[in-house]
Amino acid sequence: MSTISVPVTTERPVSFPWLRRITSNFLLRRLLKALFTIWTVTTLIFFVIRAMPGSPVDIFVNDLVLKGLTEEEAMRRAASLLHIDLSEPLPKQYVEFLGNLARGDLGISYINRGQEVSTLIAQRLPWTLFSVGTSLIISFFLGIFLGMIIAYKRDTWLDHLLTNIAAGLDAIPAYMTAIVLIILISLVWKIVPAGELRGSLSAGIKPGFTFDFFGDVLKHVALPALVYILASVGSWMLTMKSSTVSTLGEDYVTVAKARGLPESRIITAYVGRNASLPLFTRFALSIAFILGGSVIIEKIFTYQGIGLLLTQALYSRDYPVMQGIFLVTTIAVVFSNAIADLLYGFLDPRIRVQGEGN
């Protein structure tokens, strides 16, 4: 009896060399993921802000009516000044928005007539980066230093005092701290009049490399910066204390002490470096939220930063300005995540070794 062998054909799956190159390239994967995240968030923002009640024309007309104009006069003035056509379908507006965005055009502000959104952001962003960025760096390193002191002096009167202060500062909202400082400095102690605390520059001061300009800038940024520091240093202190206490119980710290290493080397090379790892990652992520954290404080002090610009755009429904600021914030968040990964790998050699092995 003869057996008949039937040939079995196995089809190989269609291979895509370009797809394999993309999935095997780490940097390219991260770049595509970042671009997809930015596109997704930008799309959501585009439709969400247009779902908000009221349009730029409605709010502009209402403001003019409150100032004494009739509704017909207000409508005519809005038509002649704003030049906004919101009657087009949303999909068409969205396609035009993406096309302009691909060319690097963020559009023209509705309320700040004739000014490009990119120009407005470029004018306001340095003020926010200077005030909030400087404060973040100061509060971060101050929190690390005080947190390590608390951990080494735990269960002492200094531990209880600084821990309670840190918990209190962390629990108080930033705007409450700002209001209390204004009342104390301007009304109670009468150090500086309240009017001189508003804005980012005094009237008549022109930007330039002069002592008058830099002195005036520091005078106006001092109180907002103090608010930022007080609002964030407590959290850094408590986090560093918890991380340091946990690190002090590790075996390698015990071994380092048994070997007779100097206490200063144990603090810096063993305890401090390992305990600060979570804080450095969080610090990189906090950089991205500088823009969002400045909204309320800049409104209170009328500080001419990106937060105040966003507040004004939200009130007037200035869609291009809102989209531009949220886009900058999204890009900052995405790239701060990438910086946090790289920073963690730089500080922790174990991460680098595993990454090289993989």
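Model, not experiment: these values are computed from the prediction.

Trainee: Account for the side chain of Gln-323, naming residues and giving values.
Mentor: Structurally, Gln-323 is set in helix α16 (residues 319-347). Separated by 2.5 Å, the side chains of Gln-323 and Arg-50 make a polar contact. If we skip the residues at most four places from it in the chain, Gln-323 touches Phe-46, Ile-49, Arg-50 and Phe-97.

Trainee: Tell me about the pattern of salt bridges, residues and numbers included.
Mentor: Applying the stated criterion across every chain yields a total of two salt bridges. For Lys-241, the salt bridge goes to Asp-159, with nearest N and O atoms at 3.1 Å. A residue pair is termed long-range when its members are at least 10 positions apart, and Lys-241 in helix α9 (residues 211-248) and Asp-159 in helix α7 (residues 157-171) qualify at 82 residues. By relative accessible area, which is 4% here, Asp-159 ends up buried. The shortest N-O distance in the salt bridge between Asp-216 and Lys-219 comes to 3.7 Å. Highlighted residues: Asp-216 and Lys-219, both in helix α9, separated by three residues, approximately one helical turn. On the basis of relative accessible area, Asp-216 is assigned to the buried category, the value being 7%. Here Lys-219 falls in the partly exposed class, since its relative accessible area comes to 39%.

Trainee: Break down the packing of aromatic side chains for me, citing the residues and quoting the values.
Mentor: Counted according to the given criterion, the structure contains twelve aromatic pairs. On the numbers, 5.1 Å between centres and 85° between planes, the contact of Phe-46 with Phe-47 is edge-to-face. Of the residues examined, Phe-47 reaches a relative accessible area of 33% and is grouped as partly exposed. An aromatic cluster is present here, built from Phe-46, Phe-47, Tyr-94 and Phe-97 joined pairwise through their rings. Of note, Arg-282 hangs over the ring of Trp-236, and the distance from its end group to the ring centre comes to 4.3 Å.

Trainee: Can you explain the side chain of Ser-316? Please cite residues and give values.
Mentor: Within the secondary structure, Ser-316 is located in helix α15 (residues 306-316). With a relative accessible area of 10%, Ser-316 lands in the buried category. Side-chain polar atoms of Ser-316 contact the backbone oxygen of Gln-312, separated by 2.9 Å.

Trainee: Before we move on, can you summarise the environment of Leu-184 with the specific residues and values?
Mentor: For Leu-184, the position within the fold is in helix α8 (residues 174-188). Leu-184 gets classed as partly exposed once you look at its relative accessible area, which sits at 26%. Discounting residues that sit within four places of it in the chain, Leu-184 has contacts with Trp-189 and Lys-190.

Trainee: Which residues make up the confidence of the model for the protein chain, and what values do they have?
Mentor: Summarising the model, the protein chain shows a mean pLDDT of 82, and 85% of its residues fall at 70 or more. Mean pLDDT across the elements of the protein chain ranges from a minimum in helix α17 (residues 349-357), with 50, to a maximum in α7, with 92. This stretch, residues 352-357, has a pLDDT under 50; its non-local contacts, to residues over four places away or in other chains, come to three contacts.

Trainee: Provide a residue-level description of unusual backbone geometry, including the pertinent values.
Mentor: Non-glycine residue Thr-302 carries a positive phi angle of around 50°. Tracing the sequence through the fold places Thr-302 in the loop between α14 (295-301) and α15. Its identity is not glycine, yet Arg-317 carries a phi of approximately 55°, on the positive side. Counting through the fold element by element, Arg-317 comes out in the loop between α15 and α16.

The rules behind each value
- Residue numbers run consecutively from 1 along every chain, following the written order of its sequence.
- Two thresholds apply to this predicted model, a pLDDT of at least 70 for residue-level local features and 80 or more for giving and counting side-chain atom pairs, whereas whole-chain, interface and lining totals are computed over all residues.
- To obtain the side-chain values, all non-hydrogen atoms of the structure were used and water was disregarded.
- Strands here are runs of E lasting at least two residues and helices are runs of H or I lasting at least four, both read from the DSSP assignment and numbered beginning at the N terminus.
- Residues adjacent in sequence count toward polar contacts only when both atoms are side-chain atoms; beyond that, a polar contact is any pair of N or O atoms within 3.5 Å, and within protein one must be able to donate a hydrogen and the other to accept it.
- Contacts: residue pairs with any heavy atoms within 4.5 Å of one another.
- Salt bridges are defined by distance alone: a side-chain nitrogen of Lys or Arg within 4 Å of a carboxyl oxygen of Asp or Glu.
- Classification of residues uses two cut-offs on accessible area relative to the type maximum, computed with a 1.4 Å probe and protein chains only: under 20% is buried, over 50% is exposed, and between them is partly exposed.
- Aromatic rings from Phe, Tyr and Trp, with only the six-membered ring used for Trp, were paired whenever their centres fell within 6.5 Å, and each pair was classed as stacked if the ring planes differed by under 30 degrees, edge-to-face if by over 60, and tilted otherwise.
- Distance and angle both matter: a charge sits over a ring if NZ of Lys or CZ of Arg is within 6 Å of the ring centre and within 35 degrees of the ring normal.
- Values of pLDDT, the confidence the predictor places in each residue, fall between 0 and 100.

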